[in-house]
Each structure stands twice: as structure tokens, then as C-alpha cells.
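# Secondary and tertiary structure notes
Here's the letter readout for the chains.
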Amino acid sequence: MPVRANAVGRLFGERLRTLEVRHLLAFSAGIGDDSRAVLDDSSDGLIAHPAFCVSLEWPVISAVGARELLGLEPEETRRGVHAAQDSTFHRPLRPGMRVLTRGRFAAVRATSAGALVATRLETIDTASGETLVETWSTSIYRGVTVEGEPRSSGEPPPLPGDDESLGVDGREVSAGIDLPRTFPHVYTECASIWNPIHTEVRIARAAGLPDILVHGTATWALAGREVVRRHAPGDPGRLRRLAGWFRSMVPAGTPIEVRIGTARALADDSRDVAIPFRVLDASGRNAIDRGWGVLAGEETGSEPDA
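These figures come from a predicted structure and were not determined experimentally.

Conventions used here
- Residues numbered from 1 in each chain as written.
- Predicted model: local features only at pLDDT ≥ 70, side-chain atom pairs only at ≥ 80, totals over all residues.
- Heavy atoms only, no water.
- Helix = DSSP H or I, 4+ residues; strand = E, 2+ residues; numbered from the N terminus.
- Rg over C-alpha atoms; globule rule 2.2 N^0.38 Å.
- Contact = heavy atoms within 4.5 Å.
- Areas by Shrake-Rupley, 256 points an atom, 1.4 Å probe, with all protein chains shown as cover.
- Lys, Arg positive; Asp, Glu negative; His and termini not counted.
- Charge placed at Lys NZ, Arg CZ, Asp CG, Glu CD.
- 1 Å grid on protein atoms, 1.4 Å probe; cavity = no way out; pocket = protein on both sides within 12 Å on 5 of 7 lines; lining within 4 Å.
- Points joined across faces, edges and corners; volume = space filled by probe spheres on them.
- Nonpolar A, V, L, I, M, F, W, Y, C, P; charged D, E, K, R; others polar.
- pLDDT = per-residue confidence, 0-100.
- Buried < 20%, exposed > 50% of the residue type's maximum accessible area, 1.4 Å probe, protein only.
- Axes fitted to C-alpha atoms, helices over the stretch in contact; angles between N-to-C directions.
- Parallel < 35°, antiparallel > 145°, perpendicular 65-115°, else oblique.
- Left-handed = near helix turned anticlockwise from the far one by under 90°.

## A few points about the overall build of the protein
Within the protein one finds 8 helices and 14 strands. Relative to a compact globule of 306 residues, whose C-alpha radius of gyration would be 19 Å, the protein shows 19 Å and is just as compact. C-alpha atoms of the protein, sized along the principal axes, occupy 50 × 45 × 40 Å. Looking at the protein alone, contacts between residues at least 24 apart form 73% of all its contacts between residues at least 6 apart. When the accessible surface of the protein is totalled, it reaches about 13700 Å², and 49% of it is carbon and sulfur. Of the charged side chains in the protein, 35 are positive and 41 negative; the average position of the first set lies 5 Å away from that of the second.

So this is what it looks like as C-alpha cells:
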């Protein structure tokens, strides 16, 4: 069935959750971030790794209500590909918080590949009513048509530009990451994000894939980890935004390379800086491009090597 463009602007789901220490620690461990701020609960300063937001968003965005509002059949839902993730972190998530995550459809339009659906998700502190995280997530349902004219109810704040300047000043740095074949299983359980194409070879092959794949949100989180390590070592709480478009698939057991550019000031009155990045797969193709990490305050990490 076609995706219904008139779903734009409608609430498709919400979920309450109390943040527990073990879940926050598990996520940080799952992406290999051993920063004290996100992995040491011996003080009152523990925060969730900013990318933990995906663990709150997944149950909302994958719920039956979202599929039904769009008018998708279950088989069509399985054709969905996560195309982009752009999250802004307004305040840290902390143990004991009671949070509400809710989602609305933000855009629907036809593309050459299928139906593009953008969603806007908010995670709110129920005690204060403040927005903690705002995410714009984009998916493409391959081979699915759209019913109605294209619609949009907004878009995320603009990013500094594109990542085409990466490396042109000779100051790009690279971080290689070897991912064991078990990594998708570990991430699945630590992030509480389950899709069998990431853990079960039989299901992945039935879907036309050569093997199980690394989650796009895992690759995105690893890129954010490396941006912080380079420009704000030991302080993932300074990450204010993490955005990127998912391109090539990353098969389980293959390495990735995060290429990180030079920090630049944002064109506003803040002292925040933006760092472009991209992630390459084992064949040198972009697994993530148009990537940006935004860090609060002045850059504290060392400059990329000339």
C-alpha cells in the first residue's frame, strides 16, 4: 500500500521510561566508550552517552501505531532503510530521570528509491517539562509509493554546510575501528535495539543481504565517540549534536574508518564548534557522509596533525 502523505504532523507514538544506571552503562560499554562521565557510577555525576537517545526512540519509531498511521503493510515495513539520524542534545540524560519520548511524522515524499519518511522525536524530562533530546530521523521504504502530494511540517536546524572540505587543508585525521563479528549482537543487547537482520544470518539472507549488518545507529554512535575523543577527550557530555546520512552497509566483522576534519566556529553567538566527519567501510565507500558533530564551548582536544 502507498505511504499516506496526510500522516505528516500527526503523533504516532509515545513512551514513558525511567532511566536506570545499568542501561546507561550498558550502552556506553556496547560502543566501547570508557569515559568516566558515562561509565563510572561511583559518583553522582554519571550521565548517559548522548547517543543513548536511540534506545529511547527505537520503541516509539518501530511501534505498530507508526506503521498503521502510514498505511504500511508488515512486509513493506521490512523494506524500510534508516537513511539519516540528526540528534540535538539539549541537556544530559541522567539516572533516575522519568522521560517521555514521543514522535510525529515530519515529512513524506516520493523518491526514485521509494517513499521517504522523516520523523521528529522528542525526549522530555517529565519533572521539568524540558526537552532533553530532539531527533530528526529519516527512513526510505524501498519500492513503496506515496499517496498524496509531498508534505512537510518542518525541518531540523541548518548544519554548517557539507563535509566536502574534509582533508582539503591537509589536517584531516583518521581513526580506524576494528569491529568483531559479534559486535552487532553486543550492540543489539546493550542498546535494546533489535532487528534480526543485525543478528540472524538466516533472516538477513532472506532479506537479500549477504550477511548480518552493523546497525546504522551504532556506526553513528562510534563516529560521535571518535569526534569527542579527538576534540573533547573524556568529556562526551560536551556533544551537543550528531548528524549524518547513512550510505553503504557495514557487514559484521569488517572494519570502519572515521575521518575527522578541522573544528570550526558556528555562525552564532555561542562558543560551540562544529566538526565534519565521514565514515568509510572496508571498501573505502562512505558508510556515513555529511556527518557533523557539534561540541559545546571551545575546542579542548589537540589539533589534527598537519
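## Examining the layout of surface pockets
Roughly 600 Å³ of volume is contained in the second largest pocket. Elements supplying a minimum of two residues to the lining of the second largest pocket: β3 (80-89), β4 (98-110), β5 (114-125), β6 (131-142), β8 (151-152), β10 (239-246) and β14 (286-295). It is β10 that contributes the most residues to the lining of the second largest pocket, 4 residues altogether. In terms of residue class, the lining of the second largest pocket is built from 14 nonpolar, 6 polar and 7 charged.

## Quick look at the confidence of the model for the protein
Fine structural detail should not be taken from predicted coordinates in areas where pLDDT scores are low. When the pLDDT values of the protein are averaged, the result is 91; 93% of them are 70 or greater. Scored below 50 in pLDDT, residues 299-306 shows 26 contacts in the model against residues more than four places distant or in partner chains.

## As for unusual backbone geometry
Positioned with a positive phi, S192 is a non-glycine residue whose angle comes to about 60 degrees. Its location among the elements puts S192 in the loop between α6 (183-191) and α7 (201-206). With relative accessibility at 43%, the residue S192 sits in the partly exposed group. In this model, R290 sits at a positive phi of 55 degrees, which is unusual for a non-glycine residue. Its place among the elements puts R290 in strand β14. When its relative accessible area of 39% is taken as the criterion, R290 is described as partly exposed.

## A look at the packing of helix α1 (residues 21-30) against α6
In helix packing, the relevant descriptors are the interaxial angle and the interaxial distance, both defined with respect to the helix axes. With their axes 8 Å apart at the nearest point, α1 and α6 run at an angle of 160 degrees to one another. Between α1 and α6, the crossing angle belongs to the class labelled roughly antiparallel. Where α1 crosses over α6, the two elements pack in a sense that is left-handed. Across the interface between the two elements, H23, A26, F27 and G30 from α1 touch F183, V186, Y187, C190 and A191 from α6. Here the residues of the contact of α1 with α6 are counted per class, giving 7 nonpolar, 2 polar and no charged.

## Let's talk about empty space enclosed by the protein
On inspection of all chains with the given rule, the structure shows 1 cavity of 30 Å³ or more. Considered as a void within the structure, the largest cavity measures approximately 100 Å³ in volume. Every residue along the wall of the largest cavity is listed here: I47, A48, H49, P50, F89, R91, P92, L93, V133, G237, L239 and R240. Along the lines of polarity and charge, the residues of the lining of the largest cavity split into 8 nonpolar, 2 polar and 2 charged.

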